[in-house]
Amino acid sequence: MRTLPFTKEKLEEITQKWPTPFHIYDAAAIRRNAERLKKAFAWNAGFREYFAVKAAPNPYLMKLLKEFDFGSDCSSMAELELAERVGNTGEAIMFTSNDTPAEEFRRAWELGAIINFDDITHWDYFLSSCDGFENFNSDLPGRVFCCRYNPGPLKGGNAIIGKPEEAKYGFTREQLFDGYAKMKAAGVTRFGLHTMVASNELNADYIIDTAKILFELAGEIHEKVGIDFEFINIGGGIGIPYKPGDKAMSLETVGDGIKRAYEELVDAKGLKPIKLYMECGRSITGPYGYLVSRVRHIKSTYRLYAGLDACMSNLMRPALYGAYHEIVVPGKGNSDVTKVYDVTGSLCENNDKFAIQRELPVLERGDLVVLCDAGAHGHAMGFQYNGKLRSAELLLEEDGSVREIRRAETLDDYFATLDFGGL
Ligand SMILES: *Cc1c(COP(=O)(O)O)cnc(C)c1O
């Protein structure tokens, strides 16, 4: 059973002010985790994590992570704007987008972001997007550019991200050499290399192997194209133990494994020092966010259903990927009287189920129910289908106080884009 950072009484007190459902994040735990990540990679001068904004696009969380000098990994106009507003500009932004619109390239350039290209054709598209910008040519050599590598069949995939050769992202191996040569010829002097081939990966070797592939490749591109790499970005994708039997990836094991690979493939090969970057989302905030809800109805038909006041618009992962999220019933945690439930929301889709045939303490109307590991790709995936509204986000501070970091949507928000005037 999970230990929660709040008691049932504390939750009841919080719900006096903020009715369920809401997401609540544990600031102390996020800070401890950020500290651990930095420590595991302290051997690498210049190591930096760029938090994948899409995982939890909330300014308070981004600001909290900025305390640890985490940058922002952005892939849309709104995410660029969020980064800027929390004070991450220039090389504190990694712009890793795909199918990128011209205005986003322009904005990323204006912000001084590291621009990570997804395709060989995007260099020319980028140049034409920024056509006419003052100082473009004189600023260009000072800016950092990167290409996203897709290793194709060289690397096996996993369930969420799929097989690399079927993934829409990145350059082929051959295209990378052409891409860097083209940028070099255009006057670029500062380069990075990126890949992102994992998602929710719990095997440390998979991440270490990815780093090895990139170190080797950096050496090869250095030789053939005659450029040095300032950084290698191994992407995000470190998993978290959603299921009771899962084991958390040891950051220390990953850090040590990549250190050994670095010594062998960068130091020993005489390459210039390379900074290691990451752009994790899930492993940074995922385990430290909770969706808090209440049982609204108990229904007994062919199965037993516990209907919550949250639905898949608050946490879509179970419906989208069949993902498992642990459910804790505060105050009934140690109950040995259990029943098997389908835990549902109120959306008119039968896949609106947080859990299917899950053994839980006997539930009653009004019980508080906590869905664990909802701190990344949770609230962020919310939507308004079926007239459902996105819930509030709260931050549990280290001193036990609670702060609202996003208000719940209201019907006015829903109606804000509609027009009844011309009816
Ligand atoms: C989604 C995404 C991430 C973050 O992935 P996690 O699984 O949350 O670590 C990082 N980089 C890119 C390019 C992404 O699309």
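A few points on the structure.

Reading the values: rules and limits
Residues numbered from 1 in each chain as written. Predicted model: local features only at pLDDT ≥ 70, side-chain atom pairs only at ≥ 80, totals over all residues. Heavy atoms only, no water. 1 Å grid on protein atoms, 1.4 Å probe; cavity = no way out; pocket = protein on both sides within 12 Å on 5 of 7 lines; lining within 4 Å. Points joined across faces, edges and corners; volume = space filled by probe spheres on them. Nonpolar A, V, L, I, M, F, W, Y, C, P; charged D, E, K, R; others polar. Phe/Tyr/Trp six-rings, centres within 6.5 Å; stacked < 30°, edge-to-face > 60°. Helix = DSSP H or I, 4+ residues; strand = E, 2+ residues; numbered from the N terminus. Buried < 20%, exposed > 50% of the residue type's maximum accessible area, 1.4 Å probe, protein only. Lys NZ or Arg CZ within 6 Å of the ring centre and 35° of its normal. Polar contact = N/O pair within 3.5 Å; in protein donor to acceptor, adjacent residues only side chain to side chain. Near = heavy atom within 4 Å. Areas by Shrake-Rupley, 256 points an atom, 1.4 Å probe, with all protein chains shown as cover. Sits in = over half its atoms within 2 Å of the grid points. Contact = heavy atoms within 4.5 Å.

With that out of the way, let us pick up empty space enclosed by the protein. The probe, sized like a water molecule, is rolled over the atoms to show the empty space still left. Tallied over the entire structure, the rule returns five cavities of 30 Å³ or more. Lining the second largest cavity are Met196, Val197, Ala198, Ile207, Thr210, Ile234, Gly235, Gly236, Ile238, Met278 and Cys280. Its residues assigned to classes, the lining of the second largest cavity shows eight nonpolar, three polar and no charged.

Okay, the packing of aromatic side chains next. Under the counting rule described, the total for this entry stands at 26 aromatic pairs. Considering the side-chain rings of Phe105 and Phe117, the 5.6 Å spacing of their centres and the 50 degrees angle between planes classify their relative orientation as tilted. You can see Phe105 sitting in helix α5 (residues 102-111) and its partner Phe117 sitting in strand β5 (residues 114-117), a full 12 residues away along the chain. Accessibility assignment for this pair places Phe105 and Phe117 in one class, buried. Taken together, Phe95, Phe105, Trp109, Phe117, Trp123, Tyr125, Phe126, Phe136 and Phe145 form an aromatic cluster joined through their ring pairs. Across from the ring centre of Trp109, 3.9 Å away, lies the NZ or CZ of Arg143, which sits over that ring. Residue placement shows Arg148 over the ring face of Tyr169; its charged tip is 4.2 Å from the ring centre.

By the element assignment, Glu404 lies in strand β17 (residues 402-406). When the C-alpha atoms of Glu404 and Gly322 are compared, they prove to be 30 Å apart, with 82 residues separating the residues in sequence. A distance of 2.8 Å separates the side chain of Glu404 from the side chain of Trp18, its partner in a polar contact.

The immediate surroundings of the ligand are formed by 13 residues, with Lys54, Gly237, Glu279, Arg282 and His377 found nearest. A distance of 3.3 Å separates a nitrogen atom of the ligand from a polar atom in the side chain of Asp73. Measuring from a nitrogen atom of the ligand, one finds a side-chain N or O atom of Glu279 at 2.8 Å. Burial of the ligand by the protein amounts to 89% of the accessible area it has alone, namely 390 Å². Cavity membership is defined here by more than half of the atoms lying within 2 Å of grid points; on that basis the ligand lies in the largest pocket.

Before going further, it helps to spend a moment on the environment of Glu397. With respect to the secondary-structure elements, Glu397 resides in the loop between β16 (392-396) and β17. In this structure the C-alpha to C-alpha distance between Glu397 and Gly375, which are 22 residues apart in sequence, comes to 15 Å. Leave out the neighbours within four places in its chain, and Glu397 touches Ala27 and Arg403.

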